[in-house]
Amino acid sequence: VAAVLGTLRNIGFEEILGSRSCTERTLVVAMVVARIIDARSKLATARGLAEETAASSLGLELGLQNVSEDDLYRAMDWLLDRQVLIENKLAARHLEDGSLILYDVTSSFYTGTHCSLAAFGHARDGKNGYPQIVYGLLCNAAGCPIAVEVFKGNTGDPKTLASQIQKVRTRFGLNRVIFVGDRGMITAKRIDEELRGVEGLDWITALRADSIK
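Since this is a predicted model, take the numbers as computed values, not measurements.

Asks: Give me the lowdown on the pattern of salt bridges, citing residues and values where you can.
Replies: What the rule picks out here adds up to 10 salt bridges. Each member of the salt-bridge network shares a partner with another, and the members are R190, E193 and E194.

Here you go:
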(Lines give C-alpha, C1' and ligand atoms only; values in the text may rest on other atoms or scores of the structure.)
Protein backbone atom coordinates (compact mmCIF):
# COMPACT_ATOMS: atom_id res chain seq x y z
CA VAL A 1 0.00 0.00 0.00
CA ALA A 2 2.77 2.45 0.95
CA ALA A 3 4.69 1.72 -2.26
CA VAL A 4 1.73 2.16 -4.60
CA LEU A 5 0.32 5.21 -2.80
CA GLY A 6 3.77 6.78 -2.72
CA THR A 7 4.24 6.22 -6.45
CA LEU A 8 0.83 7.70 -7.28
CA ARG A 9 1.62 10.77 -5.24
CA ASN A 10 5.09 11.15 -6.75
CA ILE A 11 3.61 11.33 -10.26
CA GLY A 12 0.85 13.73 -9.19
CA PHE A 13 -1.96 11.25 -9.82
CA GLU A 14 -4.38 12.79 -7.31
CA GLU A 15 -3.99 16.27 -8.83
CA ILE A 16 -4.72 14.86 -12.29
CA LEU A 17 -8.00 13.43 -10.99
CA GLY A 18 -8.98 16.67 -9.28
CA SER A 19 -7.19 19.72 -7.91
CA ARG A 20 -9.18 19.62 -4.67
CA SER A 21 -9.36 16.78 -2.20
CA CYS A 22 -12.80 15.19 -1.84
CA THR A 23 -14.32 11.86 -0.87
CA GLU A 24 -14.83 10.81 -4.48
CA ARG A 25 -11.20 11.47 -5.38
CA THR A 26 -10.02 9.47 -2.37
CA LEU A 27 -12.30 6.57 -3.31
CA VAL A 28 -10.98 6.56 -6.89
CA VAL A 29 -7.40 6.47 -5.57
CA ALA A 30 -8.41 3.59 -3.28
CA MET A 31 -9.88 1.64 -6.21
CA VAL A 32 -6.75 2.15 -8.31
CA VAL A 33 -4.45 1.04 -5.50
CA ALA A 34 -6.67 -1.96 -4.72
CA ARG A 35 -6.73 -2.90 -8.40
CA ILE A 36 -2.92 -2.89 -8.55
CA ILE A 37 -2.43 -4.81 -5.30
CA ASP A 38 -5.23 -7.37 -5.61
CA ALA A 39 -7.76 -6.96 -8.43
CA ARG A 40 -11.22 -7.92 -7.19
CA SER A 41 -14.86 -6.89 -7.59
CA LYS A 42 -16.18 -3.58 -6.30
CA LEU A 43 -17.99 -5.43 -3.49
CA ALA A 44 -14.79 -7.17 -2.43
CA THR A 45 -12.89 -3.89 -2.67
CA ALA A 46 -15.42 -2.17 -0.40
CA ARG A 47 -15.13 -4.98 2.13
CA GLY A 48 -11.34 -4.76 1.92
CA LEU A 49 -11.51 -1.10 2.94
CA ALA A 50 -13.81 -1.63 5.95
CA GLU A 51 -12.13 -1.77 9.35
CA GLU A 52 -13.81 -5.03 10.34
CA THR A 53 -12.91 -6.88 7.12
CA ALA A 54 -9.81 -4.95 5.99
CA ALA A 55 -7.57 -6.81 3.54
CA SER A 56 -4.74 -4.26 3.92
CA SER A 57 -3.92 -0.91 5.51
CA LEU A 58 -5.39 0.96 2.52
CA GLY A 59 -8.58 2.11 4.23
CA LEU A 60 -6.62 3.30 7.26
CA GLU A 61 -4.02 5.15 5.16
CA LEU A 62 -6.72 7.00 3.21
CA GLY A 63 -9.01 7.62 6.18
CA LEU A 64 -11.89 5.67 4.65
CA GLN A 65 -14.51 4.05 6.87
CA ASN A 66 -17.83 2.36 6.20
CA VAL A 67 -17.37 2.36 2.43
CA SER A 68 -20.10 0.59 0.46
CA GLU A 69 -20.14 -0.82 -3.04
CA ASP A 70 -22.56 1.96 -4.03
CA ASP A 71 -20.06 4.57 -2.78
CA LEU A 72 -17.49 3.16 -5.19
CA TYR A 73 -19.92 3.24 -8.10
CA ARG A 74 -20.82 6.86 -7.30
CA ALA A 75 -17.11 7.72 -7.30
CA MET A 76 -16.84 6.12 -10.76
CA ASP A 77 -19.72 8.34 -11.95
CA TRP A 78 -17.80 11.34 -10.57
CA LEU A 79 -14.73 10.17 -12.47
CA LEU A 80 -16.69 9.80 -15.72
CA ASP A 81 -17.95 13.38 -15.40
CA ARG A 82 -14.30 14.51 -15.17
CA GLN A 83 -13.00 12.42 -18.06
CA VAL A 84 -12.48 15.32 -20.48
CA LEU A 85 -10.64 17.40 -17.87
CA ILE A 86 -8.40 14.47 -16.93
CA GLU A 87 -7.58 13.64 -20.54
CA ASN A 88 -6.77 17.28 -21.27
CA LYS A 89 -4.32 17.31 -18.33
CA LEU A 90 -2.68 14.11 -19.53
CA ALA A 91 -2.38 15.45 -23.07
CA ALA A 92 -0.79 18.68 -21.83
CA ARG A 93 1.71 16.67 -19.81
CA HIS A 94 2.60 13.92 -22.29
CA LEU A 95 1.95 15.25 -25.81
CA GLU A 96 3.37 18.09 -27.89
CA ASP A 97 3.40 19.18 -31.51
CA GLY A 98 5.16 16.57 -33.63
CA SER A 99 4.31 13.75 -31.21
CA LEU A 100 3.73 10.18 -32.27
CA ILE A 101 0.18 9.12 -31.34
CA LEU A 102 -0.31 5.37 -30.88
CA TYR A 103 -3.91 4.29 -31.37
CA ASP A 104 -5.70 0.95 -31.39
CA VAL A 105 -9.02 -0.59 -30.36
CA THR A 106 -10.15 -3.76 -28.66
CA SER A 107 -13.44 -5.14 -27.38
CA SER A 108 -15.02 -6.82 -24.37
CA PHE A 109 -18.00 -9.15 -24.46
CA TYR A 110 -21.10 -8.21 -22.47
CA THR A 111 -23.64 -10.44 -20.74
CA GLY A 112 -26.10 -7.84 -19.44
CA THR A 113 -29.20 -6.46 -21.12
CA HIS A 114 -29.15 -2.70 -20.43
CA CYS A 115 -26.06 -1.38 -22.23
CA SER A 116 -27.03 0.82 -25.18
CA LEU A 117 -23.55 0.34 -26.70
CA ALA A 118 -23.60 -3.47 -26.65
CA ALA A 119 -23.93 -4.98 -30.13
CA PHE A 120 -22.68 -7.98 -32.05
CA GLY A 121 -19.44 -7.39 -33.91
CA HIS A 122 -15.95 -8.73 -34.54
CA ALA A 123 -15.10 -10.57 -31.29
CA ARG A 124 -11.46 -9.72 -30.63
CA ASP A 125 -11.47 -11.66 -27.34
CA GLY A 126 -12.83 -14.82 -28.97
CA LYS A 127 -16.16 -14.73 -27.10
CA ASN A 128 -18.46 -15.41 -30.03
CA GLY A 129 -22.21 -15.39 -29.44
CA TYR A 130 -22.15 -12.40 -27.07
CA PRO A 131 -22.73 -8.71 -27.77
CA GLN A 132 -19.76 -6.51 -27.04
CA ILE A 133 -18.49 -2.98 -26.61
CA VAL A 134 -15.50 -1.54 -28.48
CA TYR A 135 -13.05 0.88 -26.93
CA GLY A 136 -10.10 2.77 -28.37
CA LEU A 137 -7.01 3.92 -26.51
CA LEU A 138 -4.77 6.86 -27.43
CA CYS A 139 -1.19 6.72 -26.12
CA ASN A 140 1.95 8.76 -26.55
CA ALA A 141 5.12 7.32 -28.12
CA ALA A 142 6.16 5.75 -24.81
CA GLY A 143 2.82 3.97 -24.48
CA CYS A 144 1.46 6.25 -21.75
CA PRO A 145 -2.37 6.26 -21.97
CA ILE A 146 -3.82 9.69 -22.73
CA ALA A 147 -7.49 9.15 -23.63
CA VAL A 148 -10.04 6.37 -24.02
CA GLU A 149 -13.32 6.31 -25.91
CA VAL A 150 -16.05 3.68 -25.99
CA PHE A 151 -17.93 2.78 -29.18
CA LYS A 152 -20.88 0.61 -30.11
CA GLY A 153 -19.94 -3.05 -30.38
CA ASN A 154 -20.44 -3.30 -34.13
CA THR A 155 -18.13 -0.37 -34.94
CA GLY A 156 -15.27 -1.26 -37.28
CA ASP A 157 -11.76 -0.20 -36.31
CA PRO A 158 -11.30 2.38 -39.12
CA LYS A 159 -14.61 4.09 -38.27
CA THR A 160 -13.21 5.15 -34.89
CA LEU A 161 -10.26 7.05 -36.32
CA ALA A 162 -12.02 10.29 -37.30
CA SER A 163 -13.11 11.08 -33.73
CA GLN A 164 -9.53 10.58 -32.51
CA ILE A 165 -8.13 12.96 -35.12
CA GLN A 166 -10.73 15.53 -34.08
CA LYS A 167 -9.89 15.03 -30.41
CA VAL A 168 -6.15 15.46 -30.91
CA ARG A 169 -6.40 18.47 -33.23
CA THR A 170 -9.28 20.33 -31.58
CA ARG A 171 -9.46 19.39 -27.90
CA PHE A 172 -5.76 18.81 -27.32
CA GLY A 173 -4.80 21.69 -29.64
CA LEU A 174 -1.99 19.90 -31.50
CA ASN A 175 -1.24 21.24 -34.98
CA ARG A 176 1.11 18.47 -36.11
CA VAL A 177 0.92 14.82 -35.06
CA ILE A 178 1.83 11.43 -36.49
CA PHE A 179 -0.78 8.70 -36.03
CA VAL A 180 0.57 5.16 -35.66
CA GLY A 181 -1.86 2.29 -36.21
CA ASP A 182 -2.06 -1.18 -37.67
CA ARG A 183 -3.20 -1.89 -41.22
CA GLY A 184 -6.71 -2.73 -40.01
CA MET A 185 -7.00 0.73 -38.50
CA ILE A 186 -5.27 3.13 -40.88
CA THR A 187 -6.59 1.71 -44.13
CA ALA A 188 -6.09 3.12 -47.63
CA LYS A 189 -9.63 4.54 -47.52
CA ARG A 190 -9.04 6.26 -44.18
CA ILE A 191 -5.78 7.69 -45.46
CA ASP A 192 -7.46 9.09 -48.57
CA GLU A 193 -10.50 10.46 -46.73
CA GLU A 194 -9.08 11.68 -43.43
CA LEU A 195 -5.28 11.97 -43.51
CA ARG A 196 -3.77 12.59 -46.92
CA GLY A 197 -3.39 16.24 -47.82
CA VAL A 198 -4.31 17.51 -44.34
CA GLU A 199 -1.60 19.88 -43.14
CA GLY A 200 0.06 18.66 -39.96
CA LEU A 201 -1.28 15.09 -40.19
CA ASP A 202 1.09 12.23 -40.94
CA TRP A 203 0.77 8.52 -40.37
CA ILE A 204 2.68 5.27 -39.93
CA THR A 205 1.01 1.98 -40.73
CA ALA A 206 1.60 -1.33 -42.53
CA LEU A 207 0.75 -2.42 -46.04
CA ARG A 208 -1.68 -5.27 -46.60
CA ALA A 209 -0.44 -8.40 -48.32
CA ASP A 210 -2.10 -7.51 -51.63
CA SER A 211 -0.46 -4.07 -51.61
CA ILE A 212 2.93 -5.59 -50.89
CA LYS A 213 2.46 -8.00 -53.78
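Asks: Describe the pairing of strand β4 (residues 177-180), with residues and values.
Replies: In regular strands, side chains alternate between the two faces of the sheet. Relative to β4, strand β1 (residues 99-109) is paired through 4 bridges, and the arrangement is parallel. Across the sheet, residue L102 finds its bridge partner in β4, namely V180. Where β4 and strand β5 (residues 201-204) come together, 4 bridges link them in parallel fashion. What sits directly across from I178, in β5, is D202.

Asks: Tell me what's going on with the sheet that holds strand β2 (residues 132-139), and back it up with residues and numbers.
Replies: Here 5 strands make up an open sheet; going across it, the order is β3-β2-β1-β4-β5 and the pairing mixed. Edge positions in the sheet fall to β3 (145-152) and β5, since each of these pairs with one other strand and no more. On average, each strand axis in the sheet is tilted by 25° relative to the strand beside it, whichever way the strands run. Along the sheet, helix α8 (residues 161-171) contacts β1, β2, β3, β4 and β5; its crossing angle with β3, the most-contacted strand, is approximately 145°.

Asks: A description of helix α6 (residues 69-81) should follow, citing residues and the corresponding values.
Replies: Because the α-helix completes a turn every 3.6 residues, residues three or four places apart line up on one side. Under the 1.5 Å per step criterion, the end-to-end length of α6 is 19 Å for 13 residues, consistent within 8% with the ideal 18 Å. If you check which residues of α6 are buried, you get L72, A75 and W78. Along the axis of α6, the buried residues cluster in a sector spanning 110°; they form a single face. For α6, the exposed residues set more than 90 degrees away from the buried face come down to R74, L80 and D81. Taken together, the buried residues of α6 touch α2 (13-17), α3 (23-37) and α4 (42-49).

Asks: Describe the side chain of R25, and please don't skip the residues or the numbers.
Replies: Locating R25 in the fold gives a position in helix α3. Here R25 sits buried without a salt bridge, and the closest side chain of opposite charge, E14, lies 4.6 Å off (N-O distance). From its side chain, R25 meets the backbone oxygen of G18 in a polar contact 2.7 Å long.

Asks: Talk me through the side chain of Q164; I want residue IDs and the actual numbers.
Replies: Within the secondary structure layout, Q164 lies in helix α8. When sequence neighbours within four positions are dropped, the list of residues in contact with Q164 reads Y103, L138, E149, F151 and F179.

Asks: Before we move on, could you go through the packing of aromatic side chains and cite the residues and values that matter?
Replies: One pair of aromatic rings is described through two measures. These are the centre distance and the angle between the planes. By the definition in use, this model includes 1 aromatic pair. Here F109 and Y130 contribute two aromatic rings whose centre-to-centre distance is 5.2 Å and whose plane-to-plane angle is 50°, an arrangement assigned as tilted. Highlighted residues: F109 in strand β1 and Y130 in the loop between β1 and β2, separated in sequence by 21 residues. Residue classification places F109 among the partly exposed residues on the basis of a relative accessible area of 36%.

Asks: An account of the environment of R35 is needed here, citing residue identities and associated values.
Replies: Tracing the sequence through the fold places R35 in helix α3. Taking the relative accessible area as the measure of exposure, R35 reaches 54% and is therefore exposed.

Each value, and the rule that gives it
- Residues numbered from 1 in each chain as written.
- Predicted model: local features only at pLDDT ≥ 70, side-chain atom pairs only at ≥ 80, totals over all residues.
- Heavy atoms only, no water.
- Salt bridge = Lys/Arg side-chain N within 4 Å of Asp/Glu carboxyl O.
- Pairing = 2+ DSSP bridges.
- Helix = DSSP H or I, 4+ residues; strand = E, 2+ residues; numbered from the N terminus.
- Axes fitted to C-alpha atoms, helices over the stretch in contact; angles between N-to-C directions.
- Contact = heavy atoms within 4.5 Å.
- Expected span 1.5 Å × (residues − 1).
- Buried < 20%, exposed > 50% of the residue type's maximum accessible area, 1.4 Å probe, protein only.
- Arc of directions from axis to C-beta.
- Lys, Arg positive; Asp, Glu negative; His and termini not counted.
- Polar contact = N/O pair within 3.5 Å; in protein donor to acceptor, adjacent residues only side chain to side chain.
- Phe/Tyr/Trp six-rings, centres within 6.5 Å; stacked < 30°, edge-to-face > 60°.

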